[in-house]
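The chain contents come next:
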Amino acid sequence: MTTHLSLSVPLPAGFQKHRFEHQFSLPISRERAFQWLCDPRTFTRGQIPPWGVEFLGGGFEAGVLNWHHGPFLNFPGILGEVRSPEYRDLRYFYGAYVLSPRLVRPTRLEFWFEADGETGSRVRLRVSAQVRGWFAPLWSAFQWFFWPQFGWNFGILARLGFAPR
């Protein structure tokens, strides 16, 4: 099922559109990578309170509500298009923020999954946000720190056999 959503929010005064893209390679098939990144347990097991992730109405299907929350972040959203094993879309609602609603307002998180050779895969991601102009360089730096770590950790877990079979 595909759900097309129009969650376009006007750009607030003093904010600019920000888009960060990154890709990483994994030693598992794109089907397994997709399965792992579209399994709610990947995000709900081992949560360190007070941070958390919730899924309301199902797992990774279009229309399911999703909420990442904790100190200094609030990411309520809805899953949009989910095409196995190639694409996943999460659209954040108005009110989503990092650190403060006055600094960073995430709007969308997208993942593309591609085959890489016989047994590997490449995952490409895009994070879209509205960012206070003066804060944009710091937000970019944080993205450059967080997402490579995410890919690196994902790769280690896959090599250790923790990826789904």
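Fair warning: this is a prediction, and the values are worked out from it, not measured in the lab. Counting restarts for each chain, with residues numbered from 1 along the sequence as it is written. In view of the model being predicted, local features appear only for residues whose pLDDT reaches at least 70, and side-chain atom pairs are presented and counted only at 80 or more, with totals across whole chains, interfaces and linings using the full set of residues. Hydrogens and water are ignored here; the side-chain numbers use all heavy atoms of the structure.

## Digging into the environment of arginine 91
Thinking step 1. For helices the rule is a DSSP run of H or I covering at least 4 residues; for strands it is a run of E covering at least 2, with both sets numbered from the N terminus onward. Within the element layout of this structure, arginine 91 appears in strand E5 (residues 87-92).
Thinking step 2. Accessible area is worked out with a 1.4 Å probe on protein chains only. A residue is then buried under 20% of its type maximum, exposed over 50%, and partly exposed in between. The class for arginine 91 is buried, based on a relative accessible area of 18%.
Thinking step 3. At 3.0 Å, the side chain of arginine 91 forms a polar contact with the side chain of aspartate 89. Within 3.5 Å is the distance limit for a polar contact, defined as a pair of N or O atoms, with the added protein rule that one can donate a hydrogen and the other accept it, and that residues adjacent in sequence qualify only through two side-chain atoms.

## Thoughts on the packing of aromatic side chains
Thinking step 1. Only Phe, Tyr and Trp rings take part, Trp by its six-membered ring, and two of them pair if their centres are within 6.5 Å. Stacked means planes under 30 degrees apart, edge-to-face means over 60, and tilted covers everything else. Applying the stated criterion across every chain yields a total of 18 aromatic pairs.
Thinking step 2. Aromatic rings pair up to connect Phe24, Phe34, Trp36, Phe111, Phe113, Trp139, Phe142, Phe146, Trp147, Phe150 and Phe154 into one cluster.
Thinking step 3. Positioned above the aromatic ring of phenylalanine 15 is the side chain of arginine 105, whose terminal nitrogen or guanidinium carbon lies 4.7 Å from the ring centre.
Thinking step 4. Whether a charge sits over a ring comes down to the Lys NZ or Arg CZ being within 6 Å of the ring centre and within 35 degrees of the ring normal. Between arginine 124 and the ring centre of tryptophan 112, over which it is positioned, the NZ or CZ distance is 4.1 Å.

## Points about unusual backbone geometry
Thinking step 1. Cis geometry is found at the peptide bond from proline 49 to proline 50, where omega equals 15 degrees.
Thinking step 2. Structurally, the position occupied by proline 50 is in the loop between helix H2 (40-44) and strand E2 (52-56).
Thinking step 3. The step from serine 84 to proline 85 runs through a cis peptide bond, and the omega angle for that step is -5 degrees.
Thinking step 4. Inspection of the secondary structure assignment puts proline 85 in the loop between strand E4 (73-83) and E5.
Thinking step 5. Its identity as a non-glycine residue notwithstanding, phenylalanine 72 has a phi of 70 degrees, on the positive side.
Thinking step 6. Looking at the element boundaries, phenylalanine 72 is found in the loop between strand E3 (65-70) and E4.
Thinking step 7. We classify phenylalanine 72 as exposed; its relative accessible area is 58%.
Thinking step 8. With phi around 70 degrees, leucine 99 is a residue other than glycine that occupies positive phi space.
Thinking step 9. Mapped onto the elements of the fold, leucine 99 is located in the loop between strand E6 (97-98) and strand E7 (104-116).

## A short note on the pattern of salt bridges
Thinking step 1. Just to be clear on terms, a salt bridge is a Lys or Arg side-chain nitrogen sitting within 4 Å of an Asp or Glu carboxyl oxygen. Counted according to the given criterion, the structure contains 11 salt bridges.
Thinking step 2. The partner of glutamate 21 in a salt bridge is arginine 126, and the shortest N-O contact between them spans 2.7 Å. Pair noted here: glutamate 21 is in strand E1 (residues 15-26) and arginine 126 is in strand E8 (residues 120-132), with a separation of 105 residues, a long-range link.
Thinking step 3. A relative accessible area of 35% places glutamate 21 in the partly exposed class.
Thinking step 4. Between arginine 108 and aspartate 89 there is a salt bridge whose closest N-O contact spans 2.8 Å. A residue pair is termed long-range when its members are at least 10 positions apart, and arginine 108 in strand E7 and aspartate 89 in strand E5 qualify at 19 residues.

## Notes on the pairing of E3
Thinking step 1. One bridge is not enough; two strands pair if DSSP finds at least two bridges between them. Pairing between E2 and E3: five bridges, direction antiparallel. Note on E3: the bridge partner recorded for glutamate 54 is tryptophan 67.
Thinking step 2. Taking the residues between adjacent antiparallel strands as the criterion, E3 and E4 are bridged by two residues, where phenylalanine 72 takes a positive phi near 70 degrees.

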